[in-house]
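# Coordinate analysis (summary)
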Amino acid sequence: PLGADDGARFKRGRLVHRLLQTLPDLPPEARAAAVARYLARPIHALTAEEQARIAREVLAIFDQPEFAPLFGAGCVAEVPVVGRIGERVISAQLDRLVVTADSVLVLDYKTQRPVPSTSNEVAPVYLAQMAAYRQALAAIYPDRPVRCCLLWTDGPRLMELSADLLDRHCAG
């Protein structure tokens, strides 16, 4: 918010997150029109070019067949989670949670650019965030492995974070 862009990257991130939260509930053929209506609202103060760029970024995610299981039935958006990790208590809002009989997957949207090439290049703060989510969810679902993925909206690109990598970023 104190950067030279006057908070524009945070605004874009909030808009992308909101669209990814709500669009899965719409029929695929209605999504493009819904995105256009939402982004055209005067409150967002977006130029036509900005609207088109955000719309392309978001709709490209739904064009990827490999992402369909992340946005289908049984997937929940904006899931509150509270847990104790060692002596620390966390309270968070998960972007997306997919719980099956075999596993738990937590998905976090990232709108920053440029996108890291590998998971080893992901910012440590993101790795600590996902490690905390993994620890909290493991306590809730002790009978299932918890997988953590980052969905980089620019691309789009799905990046799974290995258990070993997250273990190195656990908070006590």
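The structure presented is a predicted model; accordingly, all values stated were derived computationally and were not measured. (Residues numbered from 1 in each chain as written. Predicted model: local features only at pLDDT ≥ 70, side-chain atom pairs only at ≥ 80, totals over all residues. Heavy atoms only, no water.)

## What about the packing of helix α2 (residues 28-39) against helix α3 (residues 48-62)?
- Relative to each other, α2 and α3 sit at 145°, their axes nearing to 10 Å. Crossing of α2 over α3 shows right-handed handedness. Contact residues: R31, A32, V35, A36 and L39 in α2; Q51, I54, A55, L59 and F62 in α3.
- Across the contact of α2 with α3, the residue classes tally to 8 nonpolar, 1 polar and 1 charged. (Axes fitted to C-alpha atoms, helices over the stretch in contact; angles between N-to-C directions. Helix = DSSP H or I, 4+ residues; strand = E, 2+ residues; numbered from the N terminus. Left-handed = near helix turned anticlockwise from the far one by under 90°. Contact = heavy atoms within 4.5 Å. Nonpolar A, V, L, I, M, F, W, Y, C, P; charged D, E, K, R; others polar.)

## Considerations on the pattern of salt bridges
- Tallied over the full model, the rule gives 6 salt bridges.
- Taking the shortest distance from any N to any O, the salt bridge between D167 and R134 comes out at 2.7 Å. One end of the pair, D167, is in helix α5 (residues 163-167); the other, R134, is in helix α4 (residues 124-140), and 33 residues separate them in sequence.
- Given a relative accessible area of 16%, R134 falls into the buried group.
- D143 serves as the salt-bridge partner of R144, at 3.4 Å between the closest nitrogen and oxygen. (Salt bridge = Lys/Arg side-chain N within 4 Å of Asp/Glu carboxyl O. Buried < 20%, exposed > 50% of the residue type's maximum accessible area, 1.4 Å probe, protein only.)

## Here's the deal with the packing of aromatic side chains
- Scanning the entire structure with this criterion turns up 3 aromatic pairs.
- A ring pair is formed by F62 and F71, whose centres lie 5.0 Å apart and whose planes are at 55°; its orientation type is tilted.
- Residue F62 is classed as buried on the basis of its relative accessible area of 18%.
- Among the aromatic residues, those joined into a ring-pair cluster are F62, F71 and Y109. (Phe/Tyr/Trp six-rings, centres within 6.5 Å; stacked < 30°, edge-to-face > 60°.)

## Notes on the sheet that holds strand β3 (residues 104-110)
- Strand order in the open sheet made by the 5 strands is β1-β2-β3-β4-β5, with mixed pairing throughout. Every interior strand has two partners, whereas the edge strands, β1 (75-85) and β5 (157-161), have only one. This sheet shows a mean twist of 40° between the axes of neighbouring strands, independent of strand direction.
- Where strand β2 (residues 88-99) meets β3, 4 bridges bridge the pair, whose relative direction is antiparallel. Across the sheet, L97 pairs through a bridge with V106, a residue of β3.
- Set on the sheet, α4 makes contact with β1, β2, β3, β4 (146-152) and β5; between it and β3 the angle comes to about 155°. (Pairing = 2+ DSSP bridges.)

## Observations concerning the nonpolar core
- In terms of nonpolar packing, the biggest core is built from 26 residues, with L94, V106, V122, M130, L137 and L161 touching the most fellow members.
- For this core, the secondary-structure elements that each account for two or more residues are β1, β2, β3, α4, β4, β5 and α5.
- For this core, the leading source of residues is α4, giving 8 residues.
- Setting aside its immediate chain neighbours within four residues, L161 contacts S119, V122, L127, M130, C148, L150 and L166. (Core = buried A, V, L, I, M, F, W, Y, C linked by side-chain atoms within 4.5 Å.)

## What to know about the environment of Q21
- If you trace the backbone, Q21 turns up in helix α1 (residues 8-22).
- Look at Q21 and you get partly exposed, because its relative accessible area is 25%.
- The spatial distance from the C-alpha of Q21 to the C-alpha of E78 is 7.1 Å, given a sequence separation of 57 residues.
- The residues touching Q21, leaving out its near neighbours within four places in the chain, are A77, E78 and R96.

## Here's the deal with unusual backbone geometry
- Cis peptide bonds are those with omega within 30 degrees of zero, and the linkage from G155 to P156 qualifies with -20°.
- Tracing the backbone through its elements, the reader meets P156 in the loop between β4 and β5.
- The phi torsion at E78 lies on the positive side, around 55°, for a residue other than glycine.
- Locating E78 in the fold gives a position in strand β1.
- By relative accessible area, which is 21% here, E78 ends up partly exposed.

Note that all results are geometric; they support no functional claim without further evidence.
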